[in-house]
Amino acid sequence: MKRLFFIGLLAFSAVVAFAQKSSLSVEGTTSKYIGDTVQILTHENFNTPIKVVAKNNKFSARVPLNKVGDMLITWLPKAKDARPVRVIILGVPGEKAQVSFENFRPDGGMNIYVTGSKFYKESDVIDRTLEKMTDEKQIADYVVNFIKQHPGSDAPMRFLRDFNYDDALRMQEAFSPEVRNGRMKDYLEDHMSILKKRHDEEEAAAKKQAAGIVAPDFTLNDLNGKPLSLSSLKGKYVVLDFWGSWCIWCIRGIPKMKEYYNKYKGKFEILSIDCNDTDQKWRDAVKKYELPWLHVYNPRDSKVLSDYGIQGFPTKILVGPDGKIVKTIVGEDPAFYTFLDDTFGK
């Protein structure tokens, strides 16, 4: 009888151990700046997120998890018009993650840190060091050196998705065979595949957007429903502005666009190409923001985005009077306006 009881204990222990390895323990805090309901979303429970309510500004949850993968933790705000607080962490089965907030500010800003068991403690050391750095090369060099100095640690894997393909490749090569082929193997291979694809797409886009390339001609309908072609503007400098009413940075850049359109009026034209909007939302946005330049609507079955290799919004491409690309700027970057000053301010 005692022997059977002993065997039963062993079996129970094995079940508990398996359950721990197939789940992640998550603990955290809340504050008056964020809501007390926390939602946890993983690649394994994408359609059924876990929700927990904090008690005394603390929450805890055991998240079922069979594979290493990115997790999204969201603190749902109490006020309907407030923005939720989100953090992405690397979920590792069998580990314990403790999420905390520091340096709360009245504007809602804060620092979010993740520590806990060994994996998260080591990644926290890296995280707190990186937040003091601004140079991308310095950041990548630090992580690569950390990997070399700690050959048995897989904590740097947490930062893999933050790097471009070339730096991620340096990380991959620096990891020991034990780490590359250990519990992070699938995660590493999947992310390297994603980064490689993105890298190839960006290289292809750069070739299409390079200075000196003839800008592909296109014809799209304007606000009056009449066809407008890029070739009809040949002989002028034209800024092709790829944007959308849904794009926050596009909208934030409108005042500066207006300023420079008026500053160099007559020296260049702007042709805004609305993307990923409905026809009505496009028209409403042009009217709402009182955009005084040329506009065309790019339907979803158009090849214009592909022809120009557009990877992000906004993208601004200056086309010269000869129809060739002069400069491409991706994002709402002050460098675009500096370039306009250098080009037209002489």
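What counts, and where the lines are drawn
Residues numbered from 1 in each chain as written. Predicted model: local features only at pLDDT ≥ 70, side-chain atom pairs only at ≥ 80, totals over all residues. Heavy atoms only, no water. Pairing = 2+ DSSP bridges. Helix = DSSP H or I, 4+ residues; strand = E, 2+ residues; numbered from the N terminus. Axes fitted to C-alpha atoms, helices over the stretch in contact; angles between N-to-C directions. Disulfide = S-S within 2.5 Å. Buried < 20%, exposed > 50% of the residue type's maximum accessible area, 1.4 Å probe, protein only. Parallel < 35°, antiparallel > 145°, perpendicular 65-115°, else oblique. Left-handed = near helix turned anticlockwise from the far one by under 90°. Contact = heavy atoms within 4.5 Å. Nonpolar A, V, L, I, M, F, W, Y, C, P; charged D, E, K, R; others polar. Phe/Tyr/Trp six-rings, centres within 6.5 Å; stacked < 30°, edge-to-face > 60°. Lys NZ or Arg CZ within 6 Å of the ring centre and 35° of its normal. Polar contact = N/O pair within 3.5 Å; in protein donor to acceptor, adjacent residues only side chain to side chain.

**Looking at the sheet that holds strand 5 (residues 69–76)**
(1) Moving on: With respect to topology, four strands assemble into an open sheet ordered 3-2-5-6, the strand pairing being antiparallel. Two strands lie at the open edges of the sheet, namely strand 3 (50–53) and strand 6 (85–91), each paired on one side alone. Going across the sheet, the axis of each strand differs from the next one's by a mean of 20°, ignoring polarity.

**Some points on the state of the cysteines**
(1) Moving on: Following the criterion strictly, the structure yields one disulfide and no others.
(2) Moving on: Paired through a disulfide, Cys247 and Cys250 show a sulfur-sulfur distance of 2.4 Å. Looking along the S-S bond of the Cys247-Cys250 disulfide, the torsion reads about 80°, which is the right-handed sense. For the residue pair Cys247 and Cys250, the accessibility class agrees, reading buried in each case.
(3) Moving on: No disulfide involves Cys275; its sulfur sits 8.8 Å from the nearest other cysteine sulfur, which is in Cys250.

**Some points on the packing of helix 2 (residues 118–130) against helix 3 (residues 136–149)**
(1) Moving on: The interhelical angle for the contact between helix 2 and helix 3, taken along N-to-C directions, is 155°, at an axis separation of 11 Å. Judged on the interaxial angle alone, helix 3 and helix 2 are roughly antiparallel. Note on packing geometry: the crossing formed by helix 2 with helix 3 is right-handed. Seen from helix 2, the contacting residues are Glu122, Val125, Ile126, Thr129 and Leu130; seen from helix 3, they are Ile139, Tyr142, Val143 and Phe146.
(2) Moving on: In terms of residue class, the contact of helix 2 with helix 3 is made up of seven nonpolar, one polar and one charged.

**Digging into the packing of aromatic side chains**
Aromatic ring pairs: the centre-centre distance and the angle between the two ring planes describe each pair.
(1) Moving on: This model, assessed by the stated rule, comprises 16 aromatic pairs.
(2) Moving on: Seen from their ring centres, Phe268 and Phe344 are 5.3 Å apart, and the 25° between their planes marks the pair as stacked. Residue Phe268 is located in the loop between helix 8 (254–263) and strand 12 (269–275), and its partner Phe344 is located in helix 11 (residues 334–344); the two are separated by 76 residues in the primary sequence. As far as burial versus exposure is concerned, Phe268 and Phe344 are alike and both buried.
(3) Moving on: Residues Phe336 and Tyr337 carry aromatic rings whose centres are separated by 5.0 Å and whose planes lie at 80° to one another, so their mutual orientation is edge-to-face.
(4) Moving on: In textbook terms, an aromatic cluster arises when at least three aromatic residues are bridged by ring pairs, as seen for Tyr237, Tyr260, Tyr261, Tyr264, Phe268, Trp293, Phe336, Tyr337 and Phe344.
(5) Moving on: If you follow Arg252 out to its NZ or CZ, it ends over the ring of Trp249, 4.7 Å from the centre.

**Some remarks on the side chain of Gln209**
(1) Moving on: Considering the arrangement of structural elements, one finds Gln209 in the loop between helix 6 (185–208) and strand 9 (219–222).
(2) Moving on: A polar atom in the side chain of Gln209 sits 2.9 Å from the backbone oxygen of Tyr308.
(3) Moving on: A polar side-chain atom of Gln209 sits 2.9 Å from the main-chain carbonyl oxygen of Gly309.
(4) Moving on: In this structure Gln209 touches Tyr308, Gly309, Ile310, Ile317, Ile325, Thr328 and Val330, once residues within four positions along its chain are discounted.

**Brief notes about the pairing of strand 6**
(1) Moving on: Within strand 6, five of the seven residues are buried, which leaves it mostly tucked inside the rest of the structure.
(2) Moving on: Of the pairings in the sheet, the one linking strand 5 to strand 6 comprises seven bridges and is antiparallel in character. From the neighbouring strand, Ile73 faces strand 6, where its bridge partner is Val87.

**Let's talk about the sheet that holds strand 1 (residues 23–29)**
(1) Moving on: Pairing is mixed in the open sheet, where four strands are placed in the order 4-1-7-8. Each having just a single partner strand, strand 4 (58–64) and strand 8 (111–116) make up the two edges of the open sheet. Adjacent strand axes in the sheet meet at a mean angle of 20°, parallel and antiparallel pairs treated alike.
(2) Moving on: The pairing of strand 1 with strand 7 (residues 96–102) spans four bridges and is parallel. Each bridged residue has a counterpart across the sheet, and for Val26 the counterpart in strand 7 is Ala97.
(3) Moving on: Those strands touched by helix 2 are strand 1, strand 7 and strand 8, and its axis lies near 145° from that of strand 8.

**Notes on the packing of helix 4 (residues 165–174) against helix 6**
Axis angle and axis distance: for two packed helices, these are the angle between their axes and the distance between the axes, and together they describe the pair.
(1) Moving on: Running from amino to carboxyl end, helix 4 crosses helix 6 at an angle of 150°, the nearest separation of the two axes being 9 Å. Put simply, helix 4 runs roughly antiparallel to helix 6. Considering the relative orientation of helix 4 and helix 6, their crossing is left-handed. On the side of helix 4, the interface is formed by Tyr165, Asp166, Ala168, Leu169 and Gln172, while helix 6 contributes Leu188, Met192, Leu195, Lys196 and His199.

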